[in-house]
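Fold and contact review
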Amino acid sequence: MLHNVDKKWLKIGMFILSLGVGLFVFIANGSAATLPDNNDYTASTGTVRSSGVSDTGTSISTESPVDIKISDGDFTLNYVDKTGYVSPDGSTNKSGVSSLTDSSGNIKLNDNQLMSNGNQAYTGGFLQARGKISIRAVLAKTDGGNLVSNMSSGNYGVMVRVEMPEDVDASAMAKSIVWDQAFMMLQISVPIAGSPQFPMQFDHHVYLDPDDPHAFFLKVKGIPLEHSERYLFPSNRSTIKLARFAQDGQDFKNNVSDNGDSITPTELGTSAAGSVDAGGSIMSSWYFLPPVYGPVALNGTIGYSLALLQNANTFSWLIGSGFDGTANINFYIDIAKYNGNLADSSPNKQLTKGKLMPSPRADGKINLGLKMYGSSQLVDPFSINSSGTNFTFDPGKSPVDYALVKKDQVSSGTNVPVTSTVKSWNAYASPWDTRSTNKLNTTTSSWESVDGQKTELPNVSQTDSLVDRLAKLDIKLDGLMVNAGKGTDAAGTDYSGSQNGTVGAVGANRFARVANYFDTSKLDSNGEGALSSAKLSVDKSKLNLAPLYKTAGTAGKVSLATDASSTLPNTSTAAGQYVYYGGKSTLPNGDTAQILPAPMFYTQGTIPAPTTKFDESTVTIYTSQLASSKTVTVSGSWVDDYANQDSVSVKDSVTGNSANAGTNLTAASSKNFALKLSSGSVSGALNLGTGSSLLGTHTLTATITQPNVKLSNGQTVTTGKTGTASMTVKVVDDSQVANVSMTKAALSNGKTVTNLAVKNATSSAAGETVTLQSKLTNDGTTAITTPVIQSDLGANLGYKGNLSVLVNGVAITTASATTSGNTLSIALGQTLKAKDQVTVQYQVQVTSPLPTTGVTLSDLLMSGSVLKAKSNAVTLTPIVSGSLSLTSVPGPLEFGDHDLPTGGATYGNQGTGTQLTVVDGLTSGNGWTVSAALTPFASGSAQFSSAGIKFDTGLNQVNADNTNVAIATQANDSTGYWTKAYPNIKMVLSSGVYGAKRYQATMTYTLAANVNPT
């Protein structure tokens, strides 16, 4: 700063200095160099300089009249919750700064594994370095005004080299240092004159060490001032203010003494106008003869110090060999702003970014190396005051502002011991499936290799992340998460895998992999491990984990303070549940330190609900079967792989009565049940009622209840799952059966059959439509009123209509068909008189896949609730898809006894088997052909082949020469049940000589799929 000069330019020797803002040009010996802008910061920010070292330049001892020498010092390193002034010995702490570590150096965690600042372990917080260095300040014997100008320019200071732990990125420190919370105080002791104070600051620059990426330099220097004085009797006036108030105001306020008192005048830190003091000696504004002072000396401790320097030569004893003093330094590194370690290759450096740096040391401590450099060890590489005659500089442009550590002095700085109270992490949780079978590590990491394994668990939503890894537990292969061991086993013991009717119990230990950031298996001479990209896992014997079990509001997002604790075991399938792996690891020196924790989210599979079914969907029971306390038994089965205390009960829809069909069922129990049905109270039976409540349709509902399941660690978990099945029971009064004959049949190609193969339904298409026929005759003498034919179609058939009813051969229009559930009811709409004959035809279709055994249908003739007659049964069986078979062929063929013919002859078939039936389930191809081949007729050794069989007109004759001849062909597939009768089969005998014998031949029928279209 220019002192008592009001000019824009000042010429000094060969140098021309521009007082403008920004860069200026330094000219010497015909060359030019661009000077750095040292004002490129704000009160709370700093910038990075590429190097804090120079091998050329003029010594600061030459360019500044204040030569500061470092003798010793002492610092402590702490991990704290916030910033604020704390005296070097910790006795003054008005801001309430609290340590995040305990007396052993371990971070303090609450029950939610959170630090006192509310963050997860090692996350955020501040590294606090505070201490005191002893200095000796030697003033050059020069005019006092020069000393004042030098102080006003801030042209005094020292540098410090900070060596961070291995792998720390020093270039990130400019962003991480809390510049506006750096506290200073430089105070020297002057005999008689007291203890003047000089305002100091970090210059808001981080100077990198070009030879060590983990180290950087900081500069501690004077804050530039502006001052002016006026002599006006009877009072003088002194004005002092900061040259860069917006940038340096906070730094000035942070000049605090041991007891917390601020440097004065405090107005310098609160107002750009600074401080004005009027009064004092009438002799001079600078008067300084204790106890009489001028206004400068009375203008706070800053004015006092300026006045002392102004009068230094007046009191030669002030110069001497220098003054002893102390410099207090208290600064913070904001861990939340730390960008992460150099070798951290995790996505977005999530392993170390915003976290306390890992420690490679055997004792787990994280520490700083400090070296201090005095004036004689600093050089101005631009030599802007090489003559040592200039003492006035603009802010940021003094030699000390440009000063760097002389290259040959880097290793010669004064070592300042730092006592660390901080243990950091080396071991970090890296959840990974350690199970030997059914490993859930389904992805590959691009950055993490532990014990040579690059596989990893998948993530909830991120990619290759450590903070939302996901274990997808299968209920059968893995089981449910638990936090209790079996018997005396420790919590976390793993019992994965469901077996023997128990659900697997997944213990947290299964995924509890912890890896070391530094390889501490071998230590160097400093007791530190090596940096390795291939990580090694920590032996489980050296871990004491304390996992938390919680449920996040959002899957993949951990909030330990608000996430609810999970009650385990549970059956939740939500994705928000997680295990939070925290705890301690044993260090190489035998102590312990908290690991860097990590969550593992998990999903659980669904425990299958039990199922049950009845063996039959519909049962008809007659009152005679339930008379006199008799019972009818219905049966069924159930499935529950994890049955523990299951039960099966059956309830009747009509009476509301229930009965147990099985209790205390386990996975080892029989899977079948049987239940007796009764009319009235019978021990152990389900009472279907009596009288009118007994008759009619009952729906029985079987319910299997699974109250809980057992886990392989001995715990049980409530499930409350159920499965149901129903069946229809029709109770029919058979006490008044009439004299009625009743038959039922299926029609196929005009023929009636009682067993019919039909085209089955699929999941996407209905199956074959079948015509059914019922015939009945009232052979009695009593008319039957309101006759209704009932048939249970079951669950696989549907009524398709085309109802036709003939009474005594005459079609009637009074008949109608209705369905209720699976029951088809055909009401004749008129009285069935004695001797009446009735023929009923209708169609049903296969609507859902038939069971392989088919369905059996029969008819009941009802009059109200009274049974009058029952029919035979008709069975419909499904044609197997892709099959092709012959189910009946014409034969045996019988042609009778005849006189020896004298010429050719034709004989008719006297046998009754004339039906050819093909069951076609082909799904592709070109249809099928049935051919017949006939052997020669023979009787003993006599035979002839001069004959053939004619199946029908239009068909070729099958000659008795073993030649295949087609007798039926279909060009399309899936014809279903195909049948045809051949009623006119004839044997054609050619003329010849025949002996009187009984001749036989063999007819062979062949069914084959067509190879080519016909």
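Here's what I pulled together on the structure shown here. Keep in mind that what you see is a predicted model, and the values were worked out from it rather than measured.

**Quick look at the overall build of the protein**
If you tally the helices and strands in the protein, you get seven helices and 75 strands. For the protein, whose C-alpha radius of gyration is 53 Å, the value lies well above the compact-globule estimate of 31 Å for 1014 residues. Across its three principal axes, the protein shows a C-alpha extent of roughly 170 × 75 × 55 Å. By the burial criterion, 52% of the 1014 residues in the protein qualify as buried. Of all intrachain contacts in the protein linking residues separated by at least 6 positions in sequence, the fraction that spans at least 24 positions is 73%.

**Comments concerning the sheet that holds strand S23 (residues 378-380)**
Spatially, four strands are ordered S6-S24-S23-S7 in an open sheet, and the strand pairing comes out mixed. Each end of this open sheet is capped by a strand with a single partner; those strands are strand S6 (53-54) and strand S7 (58-59). Bridge count for S7 against S23 is two bridges, and the pairing is antiparallel. Bridged to Ser-59 within S23 is Val-379.

**Structural notes on helix H5 (residues 300-310)**
An α-helical turn contains 3.6 residues, so any two residues separated by three or four positions project in the same direction. With eight of eleven residues buried, H5 lies mostly within the body of the structure. Among all positions of H5, only Ile-302, Gly-303, Tyr-304, Ser-305, Leu-306, Ala-307, Leu-308 and Leu-309 are buried.

**Description of the packing of aromatic side chains**
Inspection of the entire model under this criterion finds 22 aromatic pairs. When the ring of Phe-937 is compared with that of Phe-944, the centres are 5.4 Å apart and the planes differ by 15°; the resulting orientation is stacked. By the burial criterion, Phe-937 is buried, and Phe-944 matches it. Taken together, the ring pairs connect Trp-425, Tyr-428, Tyr-517 and Phe-518 into an aromatic cluster. The residue whose ring lies beneath Lys-535 is Tyr-517, and the NZ or CZ to ring-centre distance is 4.2 Å.

**So, empty space enclosed by the protein**
Evaluated as defined, the whole model comprises six cavities of 30 Å³ or more. Roughly 120 Å³ of internal volume is contained in the largest cavity. Of all the secondary-structure elements, those providing two or more residues to the lining of the largest cavity are strand S8 (66-80), strand S9 (126-139), helix H2 (144-152) and strand S11 (183-188). Among the residues making up the lining of the largest cavity, the classes are represented as twelve nonpolar, one polar and no charged.

About the cut-offs
- Residues numbered from 1 in each chain as written.
- Predicted model: local features only at pLDDT ≥ 70, side-chain atom pairs only at ≥ 80, totals over all residues.
- Heavy atoms only, no water.
- Helix = DSSP H or I, 4+ residues; strand = E, 2+ residues; numbered from the N terminus.
- Rg over C-alpha atoms; globule rule 2.2 N^0.38 Å.
- Buried < 20%, exposed > 50% of the residue type's maximum accessible area, 1.4 Å probe, protein only.
- Contact = heavy atoms within 4.5 Å.
- Pairing = 2+ DSSP bridges.
- Phe/Tyr/Trp six-rings, centres within 6.5 Å; stacked < 30°, edge-to-face > 60°.
- Lys NZ or Arg CZ within 6 Å of the ring centre and 35° of its normal.
- 1 Å grid on protein atoms, 1.4 Å probe; cavity = no way out; pocket = protein on both sides within 12 Å on 5 of 7 lines; lining within 4 Å.
- Points joined across faces, edges and corners; volume = space filled by probe spheres on them.
- Nonpolar A, V, L, I, M, F, W, Y, C, P; charged D, E, K, R; others polar.

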